[in-house]
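Close look at the chain arrangement
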Amino acid sequence: ILGDTAICVHPEDERYAELVGKRAFVPLINRAVPIIADEYVDKEFGTGALKVTPAHDKNDYELGKKHNLESID
């Protein structure tokens, strides 16, 4: 959670359409992170929302590069 730098949803997921471009807060440290959209997310899996932690996962790292997210180690 401490390294999360975004929340990602699928661009065609209507449940989150109005949230894309807004910000959410990481609860433990009260850091604002953007809510972004990318086709990488499977809108049918779980909640359809993915926390992005670029420093801890290869796929998240690629999302971070693509969306210019900070990588917190």
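Residues numbered from 1 in each chain as written. Predicted model: local features only at pLDDT ≥ 70, side-chain atom pairs only at ≥ 80, totals over all residues. Heavy atoms only, no water.

Here's the deal with unusual backbone geometry
- Of note, Asn30 is a non-glycine position whose phi angle comes to about 55 degrees, a positive value.
- Within the secondary structure layout, Asn30 lies in the loop between β2 (23-26) and β3 (31-37).
- Look at Asn30 and you get exposed, because its relative accessible area is 56%.
- The phi torsion at Asn68 lies on the positive side, around 55 degrees, for a residue other than glycine.
- Assignment of secondary structure puts Asn68 in the segment after α1 (58-66).
- The exposure class assigned to Asn68 is exposed, which follows from its relative accessible area of 72%. (Helix = DSSP H or I, 4+ residues; strand = E, 2+ residues; numbered from the N terminus. Buried < 20%, exposed > 50% of the residue type's maximum accessible area, 1.4 Å probe, protein only.)

A closer look at the nonpolar core
- In terms of nonpolar packing, the biggest core is built from seven residues, these being Ala6, Cys8, Ile36, Val41, Val52, Leu63 and Leu69.
- Apart from residues lying up to four places away in sequence, Cys8 is in contact with Ile36, Ala37, Asp38, Val41, Gly48, Ala49, Leu50, Val52 and Leu63. (Core = buried A, V, L, I, M, F, W, Y, C linked by side-chain atoms within 4.5 Å. Contact = heavy atoms within 4.5 Å.)

Concerning the pattern of salt bridges
- Taken as a whole and judged by the stated rule, the model has four salt bridges.
- Ionic pairing is found between Lys51 and Asp4, a salt bridge with its closest N-O pair at 3.2 Å. Pair noted here: Lys51 is in strand β4 (residues 49-52) and Asp4 is in the segment before β1 (6-9), with a separation of 47 residues, a long-range link.
- For Asp13, the salt bridge goes to Arg15, with nearest N and O atoms at 2.7 Å.
- Of the residues examined, Asp13 reaches a relative accessible area of 5% and is grouped as buried. (Salt bridge = Lys/Arg side-chain N within 4 Å of Asp/Glu carboxyl O.)

Considerations on the sheet that holds β4
- Pairing is mixed in the open sheet, where four strands are placed in the order β2-β3-β1-β4. Strands at the two margins of the open sheet, each flanked by one partner only, are β2 and β4. Direction aside, the axes of adjacent strands within the sheet are offset by 35 degrees on average.
- Where β1 and β4 come together, four bridges link them in antiparallel fashion. Within β4, the position partnered with Ile7 by the bridge is Lys51.
- The strands touched by α1 are β1 and β4; relative to β4, the strand with the most contacts, the crossing angle is about 85 degrees. (Pairing = 2+ DSSP bridges. Axes fitted to C-alpha atoms, helices over the stretch in contact; angles between N-to-C directions.)

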